[in-house]
Amino acid sequence: MHDPVLFALFLIFVGAALAATGALYARQSLLVGYILLGIALGPSALGWVGSPDLIKEAASIGVIFLLFLLGLNLHPQKLVQLFSEVTLTTLGSSLAFAAFGFAVGWGFGFTLAEALVIGAATMFSSTIIGLKLLPATALHHQHIGEIVIGVLLLQDLLAIVTLIAVQGLGAGTAGASTVVWVVVGLPLLIAAIFAAERYLLRPLWRRFDQVQEYVFLTAIGWCLGVAELGKVMGLSHEIGAFLAGVAVANSPIARFIAESLRPLRDFFLVLYFFALGAGLDLFMLGDVLLPGLVLAGGVLVLKPLVFRGLLSLVREKRPLAAEVGWRLGQMSEFALFVALVAVEGDVIGERASYLLQFATVATFVVSSYAIGLRYPSPIAGTARLRQD
């Protein structure tokens, strides 16, 4: 008998190589290929990979590494400046998208609680899509990368508050004590991270920086350890990982760490997008197809327009505002997490959960394809736009 985990990895990465080849020939985004491969091999189709939840849990490490590498490129002073520049845009767009999501849910006969959760899940854009499809030059040195990063980070903070509210609805409480713990926990976490980096990590790297394997291992341990600490402090793995990256951004070996961890990040992100497709239940599509198409279609149309309009109000150039709108013009992987938590807390039913799953995957596919056709990205469909 074959090992089920090894066999699943064999299917995923051989299939991903074939899917990526086909996607490049068809001038499609590689992410689309990974998602479609997951749908084809998952339980709803061929059923060759029968445990997408286990794969998805492991794949979440890719998101943690993605946020850690993002933090490595942002000094603390730059982070404060980014937040001040994009606060109005982030809050205004979140309110607009929440209202749209609520209207779709309420209009298609979902309960008040379900409509509220659908609206909350619609607020956010995908951190993975937004950052994965940014060329490194834009991520590090260009204003458009700064805007995208600032919006996504503020959305992540809003997402934590939203998740607390959803959990509070499920518990029948307002979750006030949890909110207080997060407000207190964030500054405590930041203080602990920067103290540990200065008095523990920095001296070790200064002494042993010639041993590259040691730097690589301690960087992984630092990233995952602080990510777990962030979760314990009532925040999230992603916020913890991001702060871990920011803490070592001033280190002279930050660039080496970023280059070393990038292949590891990509390995887990392939798993993530495969699991995303494999987790989609095709048998439930009939029940949510129409509201899902309306929700996904509205997001794909409205988000680029709203972001472009709000950024134009703060005097960003129209071409830049339009590109940011397209890059943030999808739902977020956070919508899937909200759906899971809300179902477990009996806040929403299975139908509302499948609606969010379908709409999220649909916007991922269309948005990543549109970005790959229009703007530079590492996985663009044409050589002219393909930039690392």
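What counts, and where the lines are drawn
Residues numbered from 1 in each chain as written. Predicted model: local features only at pLDDT ≥ 70, side-chain atom pairs only at ≥ 80, totals over all residues. Heavy atoms only, no water. Axes fitted to C-alpha atoms, helices over the stretch in contact; angles between N-to-C directions. Helix = DSSP H or I, 4+ residues; strand = E, 2+ residues; numbered from the N terminus. Parallel < 35°, antiparallel > 145°, perpendicular 65-115°, else oblique. Contact = heavy atoms within 4.5 Å. Nonpolar A, V, L, I, M, F, W, Y, C, P; charged D, E, K, R; others polar. Buried < 20%, exposed > 50% of the residue type's maximum accessible area, 1.4 Å probe, protein only. Polar contact = N/O pair within 3.5 Å; in protein donor to acceptor, adjacent residues only side chain to side chain. Salt bridge = Lys/Arg side-chain N within 4 Å of Asp/Glu carboxyl O. Phe/Tyr/Trp six-rings, centres within 6.5 Å; stacked < 30°, edge-to-face > 60°. Lys NZ or Arg CZ within 6 Å of the ring centre and 35° of its normal. Core = buried A, V, L, I, M, F, W, Y, C linked by side-chain atoms within 4.5 Å. 1 Å grid on protein atoms, 1.4 Å probe; cavity = no way out; pocket = protein on both sides within 12 Å on 5 of 7 lines; lining within 4 Å. Points joined across faces, edges and corners; volume = space filled by probe spheres on them.

Draft legend 1. Up close: the packing of helix α15 (residues 333–344) against helix α16 (residues 350–374). Running from N to C, α15 and α16 cross one another at 170 degrees; their axes reach a closest spacing of 9 Å. In terms of axis orientation, α15 runs roughly antiparallel to α16. Of the residues in α16, those touching α15 at E333, A335, L336, A339 and V343 are E350, S353, L356, Q357, T360 and F364. Taken together, the residues that form the contact of α15 with α16 break down as six nonpolar, three polar and two charged.

Draft legend 2. Main features of the side chain of S332. Secondary-structure assignment places S332 in the loop between α14 (318–327) and α15. Under the relative-accessibility criterion, S332 is labelled buried at 3%. Separated by 3.4 Å, the side chain of S332 and the backbone oxygen of S125 make a polar contact.

Draft legend 3. Examining the pattern of salt bridges more closely. What the rule picks out here adds up to three salt bridges. With a shortest N-O distance of 3.0 Å, R202 and E197 are connected by a salt bridge. Residue classification places R202 among the partly exposed residues on the basis of a relative accessible area of 35%. Owing to a relative accessible area of 3%, E197 belongs among the buried residues under this scheme. Across the pair E323 and R327 runs a salt bridge, and its minimum N-O distance is 3.0 Å. Within this pair, E323 and its partner R327 are both found in helix α14, separated by four residues, close to a single helical turn. With respect to burial, E323 and R327 carry one shared label: buried.

Draft legend 4. Here's a closer look at the packing of aromatic side chains. According to the stated counting rule, one finds nine aromatic pairs in the structure shown. Look at F273 and F364: their rings are 6.3 Å apart centre to centre, the planes differ by 55 degrees, and that puts the pair in the tilted class. A residue pair is termed long-range when its members are at least 10 positions apart, and F273 in helix α12 (residues 254–278) and F364 in helix α16 qualify at 91 residues. Judged on exposure class, the residue F273 and its partner F364 are both buried. Connected via pairs of aromatic rings, a cluster forms that spans F13, F65, F267 and F268. Over the ring of F97 we find K303, and its NZ or CZ is 5.0 Å from the ring centre.

Draft legend 5. The arrangement of the nonpolar core in detail. One finds F68, W222, I257, F273 and L295 to be the most contacted residues of the largest nonpolar core, which totals 118 residues. Looking at this core element by element, the count peaks at 13 residues for α12. Non-local contacts of L295, meaning those with residues more than four positions away in its chain, are made with F100, G101, V104, I118, T122, M331, L355, L356 and A359.

Draft legend 6. Broad picture of empty space enclosed by the protein. Applying the stated criterion to the full structure yields one cavity of 30 Å³ or more. As a volume, the largest cavity reaches approximately 30 Å³. Counting only elements with at least two residues in the lining of the largest cavity, the list comes to α13 (285–313) and α16. When residues of the lining of the largest cavity are assigned to their parent elements, the largest contribution, three residues, is made by α16. The class makeup of the residues in the lining of the largest cavity is six nonpolar, one polar and one charged.

Draft legend 7. Focus on the environment of G245. Residue placement: G245 occurs in helix α11 (residues 237–247). When the C-alpha atoms of G245 and L70 are compared, they prove to be 7.0 Å apart, with 175 residues separating the residues in sequence. Among residues more than four places away in sequence, those in contact with G245 are F68, G71 and L72.

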